[in-house]
Amino acid sequence: MHKNNRYHILLLLALLISTAAFGQKRTFSPFSRYGIGELNTSGFGQNAAMGNTGIGLKSDNHLNILNPASYSGIDTMSFFFEAGISGFTQDFSSGGGNETYNNVDFSYFAMGFPITRNIHATMGLRPFSNSGYKFEFSDGTSLNKAIGSGNLSTVYGGVSIIPAPNFSLGAHASYIFGNIQHTTFIEFPEDADAYKYGVQSEIHASDFFIDLGAQYTHQISDEKSMTFGFTYRPQASLKGDFQRTVAKGASYSEDGKLFGANIIIPEATDTSDVSGFDMAQSIGVGVSYKSGDRLLLAADYTMANWGDVDFPDTHTQTTNSTQLSAGAQYTPDSRSQNYLARMKYRAGVKFGEEYIRIGDDKINNFGITFGIGLPYNRSKTSVNLVFEYGNRKPTGNLDMSETYGKVTLNFTFHEFWFNKWKFQ
């Protein structure tokens, strides 16, 4: 089979698999109970292994979704395709008890290619946020249950341009779609004849938002350079609808409704077409240092004004989110005959405050990352492994914490699709 045909089949399979897989449960965290769930802010294979840095990274070997200006690093004859598969474990502790969950899911796919020497394009599909939890607690007289499900995903397209030497601008246009559903139940075990009560809230999103970016590279010497990056996402109201239903019944339903025979409590029910939620304004800055093909260092800082966003869900309290990250990549000798010397070794660290607060408690997220890039022959095609370990914990006295581990297998496929045939 011709190698170009293999890549055509690969792209089609990735599209079909990822479309089916985006309904998977991607988190079991009780922190996804609020707002639109747990946000997915991770980049692709290289970014994730370097502490999720990327605002100041420009690469001719990988796609970098964290700054749309970075696609100018793709050379004029290259086509890149990337896809990722992740396996994760989450351990939750609260009140002296522990629960552990595991799952595997298809993470994303993306492709990038040049249009002209100074214009590059990209497109892809990736998760935006996820909700998935199930827990219960008792106060002695009543039993309370909470269940969350759903996810929001984005299909995006982007373009970068080079208006001046060493300077690039870029933009992503993303279409966000999907549903997040939160359901809570209250029942009274001591009274067999008592009704069970439930509240179900659902946010549906269906709209566009944009991300902007810029990068400037300063050449220190023939081998050394620094790249400075900036990203900006303007605040935008996303169209959608919000439905809140309060009902009572005798038995739970298995079809997504609250009860087998809902008795709606109309004065407490709200069904309306509203902006599902606002996309928070965010700003990011980043810098990277490159020394030949051997050493790459990077650091990022991002801030998003989620504290200015009100969700239709009255239980959700927000705060401004931040993340500080740093990472490194080391390649002993990219031209060596020794395969171990050609491998890319990566590590990083990140720390931030998430966009949800519980009462006066903010949620800190600390993680460390490691990774390796496995080159295929001497091409730009590679397989990338990422290992991440971290912890989420409220800042106050709330007795709840989450420890998580994640392994991502990323495939970067490179092809020269723009060569001109020469005949003699």
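Everything that follows concerns the structure shown earlier in this document.
Scope of this entry: the structure provided in the associated data block. As the structure is a computational prediction, the values presented were derived from the model and not from experiment. (Residues numbered from 1 in each chain as written. Predicted model: local features only at pLDDT ≥ 70, side-chain atom pairs only at ≥ 80, totals over all residues. Heavy atoms only, no water.)

Observations regarding the environment of G390
Now for step 1: Here G390 shows up in strand β20 (residues 382-394).
Now for step 2: Placed 23 residues apart in sequence, G390 and G367 show a C-alpha to C-alpha distance of 3.9 Å.
Now for step 3: Other than its neighbours up to four places away in sequence, G390 contacts F366, G367, E402, T403 and Y404. (Helix = DSSP H or I, 4+ residues; strand = E, 2+ residues; numbered from the N terminus. Contact = heavy atoms within 4.5 Å.)

Digging into the nonpolar core
Now for step 1: Counting 22 residues, the largest nonpolar core has I36, L152, F277, W306 and F311 as the members making the most contacts within it.
Now for step 2: Those elements that place two or more of their residues in this core are β7 (167-187), β8 (196-219), β10 (236-249), β13 (275-279) and β18 (344-358).
Now for step 3: Counting residues per element, this core draws most heavily on β8, which supplies three residues.
Now for step 4: Apart from the residues lying within four places of it in its own chain, the contact partners of F311 are G35, I36, I203, F277, W306, T316, T318 and Y355. (Core = buried A, V, L, I, M, F, W, Y, C linked by side-chain atoms within 4.5 Å. Buried < 20%, exposed > 50% of the residue type's maximum accessible area, 1.4 Å probe, protein only.)

Describing the pattern of salt bridges
Now for step 1: Under the criterion given, the structure shown has 10 salt bridges.
Now for step 2: The residue E38 makes a salt bridge to R392 at a minimum N-O spacing of 3.6 Å. You can see E38 sitting in strand β1 (residues 38-39) and its partner R392 sitting in strand β20, a full 354 residues away along the chain.
Now for step 3: On the basis of relative accessibility, which here comes to 16%, the residue E38 falls in the buried class.
Now for step 4: Overlapping salt bridges, with partners in common, bring together E38, E354, R392 and E402 in one network. (Salt bridge = Lys/Arg side-chain N within 4 Å of Asp/Glu carboxyl O.)

Some words on the pairing of strand β17 (residues 321-330)
Now for step 1: Covered by surrounding structure in β17 are S321, Q323, S325, G327 and Q329 only, the residues T322, L324, A326, A328 and Y330 on the alternate face being uncovered.
Now for step 2: Looking at chain direction, strand β15 (residues 295-304) and β17 are connected through 10 bridges and run antiparallel. Note that in β17 the partner of A298 across the bridge is G327.
Now for step 3: Alignment of β17 against β18, held across nine bridges, turns out to be antiparallel. Bridge assignment links S325 to a residue of β18, and that residue is K350. (Pairing = 2+ DSSP bridges.)

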